[in-house]
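A look at the structure
Given next are the chains, with one letter for each unit.
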Amino acid sequence: MIKKPEQGMTIIVKTITRYTVVLILLFGIYFIMNGHLVHGGGFAGGIIVALSYMHVMLAFGKEVAMKRITDKTIQFLVGLGSLSFLILGILGMTKGYFMYNFFRTPGVDYIGKPFSLFSSGIMPLMNLAICLAVASGFFSVFLALIFYRLSEDKK
Amino acid sequence: MLPLFIIIPLAGAFIISVTGKYSRKVSYTITWLVTFVLMVLSLKLLIKGGFTSYNIGGWAPPLGINLVADGLSILILVIINTIVFVAANYSIGYIGKYTSKWTYFALYLVMLASMNAAVLTGDLFNLLIWIEVGGVASYALVAFGTRAEELEASFKYAVLNTVGLLFILMGVCLLYAYTSTLNMADMAQILAQKPDNKLISFVIVLFLIGAGMKSAIVPFHAWLPDAHSSAPSPISALLSGVLVKSLGIYTLLRVMFNVFGITLLISKTFLIMGTASIILGGILAVYQNDIKRMLAYSTISQIGYIFFALGLGTPLGYFAALFHLVNHAYAKALMFMTAGAVVNAADDIRDIREMGGFGKKMPVTSITSIIGSMSISGIPPFGGFWSKLLIIVAAIQAGQYMGAFIAVIISIITLSYYLKLQKHVFFGELKSKWAGIKEAPVSMCVSMIVLAAVCIGLGLLYVPALKAIVLDPAVNVLINGSSYADAVMK
Amino acid sequence: MIEYILTFILFTLGLYAILIKRNLIKIIIGLSIMEYSMNVFLILVGYKNGATIPVFTSLTEPRPDAMVDPVVQAMILTLVVMSLAVTFLLITIAMRIYDKYGTYDIRELNKLKG
């Protein structure tokens with residue numbers, strides 16, 4: 001995709017983007033996975049993941065970016081993310097309460113261990129669901145703002 | 001059972017947003033089923049009655065978020081879910097002329113979820129968030145037709161309501177800093193122990209601005225005529241009939257009566273604002289020629305009646321206010337639906353001077369519209385008559401002779417502008433350009449007939465047996481303001 | 001004390017922009033300034049002198065007294081999401097208004113009267 005000079009920005013921007021976009025994506029994933037231990041979480045991580053996609057789109061032009069992910073997929077992911085969050089809440093109802101932490105053993109106040117990645121019940125799963133909804137939602141709003149064209153006479 | 005009122009509509013909205021693009025029938029079916037199930041659940045809750053509390057996630061009230069259903073919540077919940085079901089039924093016939101219908105239904109269900117949640121929640125910050133969620137859904141729905149007027153109305157509505165909400169937010173922040181809790185019942189108990197000071201008065205003013213903006217009492221009414229007249233008609237019915245009452249009036253009642261405790265100063269403010277709304281809304285409505293705009297100004301006037309009765313401060317006044325709230329919700333929803341049927345049939349022309357003689361061609365719309373008009377303007381057999389009579393009697397008992405006089409005069413003016421509407425739209429000669437006009441589709445007619453039947457039956461709410469089930473628990477919540485906190489925190 | 005006064009000045013500045021400015025985009029910016037000032041105010045409410053981030057580093061010696069209030073931070077996160085949604089919606093509406101009217105000037109938006 002770097003070979004097409006007619007699309008997107010200059011070759012300098014494209015080269016830098018190729019190296020940095022993976023780092024941005026990884027940073028977002030780090031935020032999501034550690035959201036229950038330190039500051040971070042699904043919303044902030046989701047925004048960073050969406051930013052990495054926007055980065056690709058701005059540097060390489062929208063044809064290249066839209067080849068990977070179409071807007072229909074994005075809209076499907078928005079619904080899927082919010083639906084999976086709700087389903088996690090409903091699963092808690094099997095143990096008694098809506099949004100109940102169903103990994104929790106009765107009688108124990110806490111189940112987490114500080115700085116241990118897999119020790120937090122449903123929090124990481126909820127962070128993943130939020131990330132899916134926020135990242136795709138933020139990106140779809142960005143797409144909507146880009147694709148909206150003014151009608152011809154007002155340009 | 002309480003979280004179902006939030007889970008079911010949200011699940012419906014998300015499923016529609018995933019599948020709606022591929023099948024239109026699916027979104028119709030889901031919306032109809034969801035609203036029907038919720039209506040049945042809310043009626044079941046009404047018959048069961050009593051006080052229920054539910055801790056989300058198993059966390060007890062002062063720390064966690066809880067859902068509370070007491071008399072007032074259940075009354076508003078029943079109004080919301082019945083009207084939303086009827087309006088959903090109406091939407092299926094009405095929505096045909098718009099594109100991307102699944103967006104409409106998804107937003108519709110999100111709005112329903114937010115109204116249910118705002119009425120049920122026992123947490124102040126959670127209440128604020130649900131008000132805003134319902135607000136965002138309704139801003140988008142007002143602008144749904146994306147014509148120039150709709151966009152303009154939606155922008156005005158969104159900016160004014162967001163500013164109002166930020167005032168509420170400032171109030172919530174100050175209250176959190178003062179009491180270190182967000183739970184409304186806990187906050188009420190802490191505030192009762194602390195000495196009275198200036199901060200609480202300031203917070204009350206902030207809440208009056210914010211929730212007053214949502215409920216469109218007179219200094220804050222500027223957005224209502226634009227937003228309610230420009231929106232698609234089922235949405236106008238929801239905005240006027242339900243949203244203003246659940247997000248605006250309910251919030252104000254809950255916070256003023258159950259958290260701060262009602263004082264003479266708040267009562268007086270309600271009285272003055274209510275009287276101003278009655279006069280301004282009533283008089284401005286007479287001069288309108290746009291059918292939906294006239295109904296929107298009428299909403300301001302009738303909400304003024306509700307606040308006037310609340311400001312009287314007597315048990316009879318509270319009863320009359322809630323009775324009028326119920327009557328107005330159903331009657332105004334019916335009026336907006338008939339207006340929508342007329343406008344839909346008349347090729348989006350809303351000026352009543354260009355219409356005439358529709359009564360012969362559209363018998364169902366005509367008859368239901370007459371029933372709705374008579375109920376709002378207070379003609380004896382209908383519910384609206386009894387509630388207005390009670391408001392006037394309560395005003396005389398409380399010694400507000402001037403207010404009672406204004407209520408009577410504006411009631412006559414209300415009758416006059418509804419007669420103007422009937423005369424111009426349904427009576428008179430049929431103009432030649434309306435020769436091909438047709439009755440509304442079946443689903444719209446059924447909805448209007450159902451609401452008209454409810455409007456006739458609402459007068460029965462004054463019968464003691466029904467009154468004890470429906471209205472008395474809600475009035476008791478307002479009379480014993482501290483009982484809410486005691487019941488939640490026990 | 002001065003920080004609280006400054007946040008209130010920021011709040012009123014946003015309100016001033018909404019009331020006085022005629023450009024739709026400037027009105028949206030005013031709304032964002034108001035939301036931002038409330039976020040700062042919430043942070044100040046939860047602030048404690050010399051306190052650290054609200055993360056438990058050990059369960060044997062938890063020290064909740066040396067942490068800032070985490071509730072306000074959760075509230076801010078929620079508010080940021082809400083203000084993001086409102087801002088997006090208002091910007092799309094403003095773009096479409098520009099499409100219909102050909103201007104961002106609020107005085108030209110006069111199709112609704114009465």
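Residues numbered from 1 in each chain as written. Chains lettered and ligands numbered in written order. Predicted model: local features only at pLDDT ≥ 70, side-chain atom pairs only at ≥ 80, totals over all residues. Heavy atoms only, no water.

So, the overall build of chain C
What counts, and what does not: Going along the chain from the N terminus, every DSSP run of H or I of four or more residues is numbered as a helix, and every run of E of two or more is numbered as a strand. Radius of gyration here is computed from C-alpha atoms only, and the compact-globule reference equals 2.2 Å multiplied by the residue count raised to the power 0.38. Partly exposed residues are those whose accessible area sits between 20% and 50% of the maximum for their type, while under 20% is buried and over 50% is exposed, using a 1.4 Å probe and protein chains only. Contact between two residues is taken to exist if any of their heavy atoms lie within 4.5 Å; hydrogens are not considered. Here, Shrake-Rupley sampling with a 1.4 Å probe gives the accessible areas, and only protein chains in the shown set may cover a residue. Charge counting follows a simple rule: Lys and Arg are positive, Asp and Glu are negative, and His as well as the terminal groups are ignored. We put the charge of a Lys on NZ, of an Arg on CZ, of an Asp on CG and of a Glu on CD.
Counting secondary structure elements, chain C contains three helices and zero strands. Written out in order from the N terminus, the α and β elements of chain C read α-α-α. Its C-alpha atoms give chain C a radius of gyration of 20 Å, more than 25% over the compact-globule value 13 Å for 114 residues. The principal-axis extent of the C-alpha atoms belonging to chain C is close to 65 × 30 × 20 Å. The proportion of buried residues among the 114 residues of chain C is 39%. Relative to all contacts within chain C whose residues are 6 or more apart in sequence, the contacts with residues 24 or more apart total 50%. With an accessible surface of roughly 6500 Å², chain C has 65% of that area assigned to carbon and sulfur atoms. Where the 10 positive side-chain charges of chain C centre and where its 8 negative ones centre are 15 Å apart.

A few points about the interface of chain C and chain A
Selection criterion: Accessible area that two parts lose when put together, evaluated with a 1.4 Å probe and summed over both, is termed the buried area. A pairing counts as a salt bridge when a side-chain nitrogen of Lys or Arg comes within 4 Å of a carboxyl oxygen of Asp or Glu.
Across the boundary between the two partners, chain C contributes 21 residues, which contact 17 residues of chain A. Summed over both sides, the interface between chain C and chain A buries roughly 1600 Å², with carbon and sulfur atoms accounting for 76% of that surface. When the buried surface of chain C facing chain A is broken down by residue, L59, F88 and D99 of chain C rank first, second and third, together holding 33% of it. Seen at the junction of chain C and chain A, the total is zero salt bridges.

Quick word on the nonpolar core
Just so we agree on the cut-off: By nonpolar core we mean a set of buried residues, namely Ala, Val, Leu, Ile, Met, Phe, Trp, Tyr and Cys, connected to one another through side-chain atoms within 4.5 Å.
Ranked by internal contacts, the top residues of the largest apolar core, which has 240 residues, are F155, F207, M256, F260, L310, L322 and F358 of chain B. Excluding anything up to four places from it in sequence, L310 of chain B contacts L253, F257, F270, Y318, A321 and L478 of chain B. Formed by 18 residues, the second largest nonpolar core is a distinct cluster that contains M66, C131, A135 and F139 of chain A.

Structural notes on the packing of helix 4 (residues 101-120) of chain B against helix 5 (residues 124-142) of chain B
Residues and elements named next belong to chain B. To be explicit about the condition: Note on method: axes are straight lines fitted to C-alpha atoms, helices fitted across the in-contact stretch only, with angles between N-to-C directions ranging 0 to 180 degrees. Here the word oblique covers every angle except those under 35 degrees (roughly parallel), over 145 (roughly antiparallel) and from 65 to 115 (roughly perpendicular). A clockwise turn of the near helix away from the far one marks a right-handed crossing, whereas an anticlockwise turn of less than a right angle marks a left-handed crossing.
Where helix 4 contacts helix 5, the axes come no closer than 8 Å and their chain directions differ by 155 degrees. By the criterion of interaxial angle, the relationship of helix 4 to helix 5 is roughly antiparallel. Judged by the sense of rotation from one axis to the other, the crossing of helix 4 with helix 5 is left-handed. Seen from helix 4, the contacting residues are Y104, L107, Y108, V110, M111, S114, A117 and A118; seen from helix 5, they are L127, W130, V133, G134, A137, S138, A140 and L141.

Comments concerning helix 18 (residues 442-457) of chain B
Residue and element names in this part refer to chain B. Threshold: One fewer than the residue count of a helix, multiplied by 1.5 Å, yields its expected span.
Under the 1.5 Å per step criterion, the end-to-end length of helix 18 is 23 Å for 16 residues, consistent within 8% with the ideal 22 Å. Among all positions of helix 18, only S443, M444, C445, S447, M448, L451, A452 and C455 are buried. Buried residues in helix 18 make contact with helix 3 (71-94), helix 13 (315-345), helix 15 (363-377) and helix 16 (383-397).

A few points about helix 11 (residues 264-286) of chain B
Residue and element names in this part refer to chain B. With 23 residues, helix 11 should cover 33 Å at 1.5 Å per step; its first-to-last C-alpha distance of 33 Å lies within 8% of that length. All of the buried residues in helix 11 are I266, S267, F270, L271, M273, G274, T275, S277, I278, G281, G282 and A285. Against helix 8 (198-215), helix 10 (233-260), helix 12 (291-311) and helix 17 (401-425) lie the buried residues of helix 11.

So, the interface of chain B and chain C
Taken together, the contact pairs 35 residues of chain B with 36 residues of chain C. Between chain B and chain C, a total of about 3200 Å² is buried, with carbon and sulfur atoms accounting for 84% of that surface. When the buried area of chain B at its contact with chain C is split by residue, E152, F155 and Y176 of chain B rank highest and sum to 21% of it. Counting the contacts that link chain B with chain C gives zero salt bridges.

Side note on the pattern of salt bridges
Two side chains of opposite charge can pair, provided their charged atoms sit close to one another. What the rule picks out here adds up to nine salt bridges over all chains. D105 of chain C is the salt-bridge partner of R107 of chain C, the closest N and O atoms lying 3.0 Å from each other. Three or more residues are tied together by salt bridges with common partners; here these are K97, R147, E150 and D348 of chain B.

Some details on unusual backbone geometry
Residues and elements named next belong to chain B. Backbone geometry at S180 places phi at a positive 55 degrees, although glycine is not the residue there. Within the secondary structure, S180 is located in the loop between helix 6 (148-179) and helix 7 (184-193). With a relative accessible area of 57%, S180 lands in the exposed category. Phi at D347 takes a positive value of approximately 55 degrees, unusual for a residue other than glycine. Structurally, D347 can be placed in the loop between helix 13 and helix 14 (358-361). Here D347 falls in the exposed class, since its relative accessible area comes to 58%.

Details of the pairing of strand 2 (residues 66-69) of chain B
Residue and element names in this part refer to chain B. Threshold: Here the rule is simple: two strands pair whenever DSSP picks up at least two bridges between them.
Where burial is concerned, the two faces of strand 2 agree: the one with N66 and V68 and the one with L67 and A69 are both buried. Sheet topology places strand 1 (residues 52-55) next to strand 2; four bridges connect them, and they run antiparallel. When the sheet's bridge partners are listed, N55 is paired in strand 2 with N66.

Quick word on the packing of aromatic side chains
Residue and element names in this part refer to chain B. To keep it simple, the criterion reads: What counts as a ring pair is set by centres within 6.5 Å for rings of Phe, Tyr and Trp (its six-membered ring), and what kind of pair is set by the plane angle: stacked under 30 degrees, edge-to-face over 60, tilted for all other angles.
Summed over the entire model, instances satisfying the criterion amount to 31 aromatic pairs over all chains. Ring centres of Y157 and W223 lie 4.7 Å apart, and the angle between their planes is 15 degrees; this geometry places the pair in the stacked category. Residue Y157 is located in helix 6, and its partner W223 is located in helix 9 (residues 223-230); the two are separated by 66 residues in the primary sequence. A relative accessible area of 0% means that Y157 is categorised as buried. Measuring from ring centre to ring centre gives 5.1 Å for F385 and W386, while their planes differ by 70 degrees; the resulting arrangement is edge-to-face. When its relative accessible area of 21% is taken as the criterion, F385 is described as partly exposed. Since its relative accessible area comes to 34%, W386 is described here as partly exposed. Three or more aromatic residues link up through ring pairs in this structure, and these residues are Y28, Y90, Y94, Y98, Y104, F105, Y108 and F144.

Focus: a nonpolar patch on the surface
All names here are of chain A. Here is the rule: Excluding any residue in a salt bridge, patches collect residues exceeding 30% relative accessible area, merging like charges within 9 Å and nonpolar Val, Leu, Ile, Met, Phe, Trp and Tyr side chains within 5 Å.
On the surface, a cluster of nonpolar side chains totalling about 970 Å² of accessible area is made up of V22, L23, L26, I29, M33, F103, L117, F118, L125 and L128. Sorting the residues of the nonpolar patch by element identifies helix 1 (11-33) and helix 5 (123-147) as the ones contributing at least two each. The biggest single contributor to the nonpolar patch is helix 1, with five residues. Structurally, the position occupied by F103 is in the loop between helix 4 (71-93) and helix 5. A residue is classified by how much of its surface remains accessible, and F103, at 46% relative accessible area, is partly exposed.

This is a description of form; function is not addressed.
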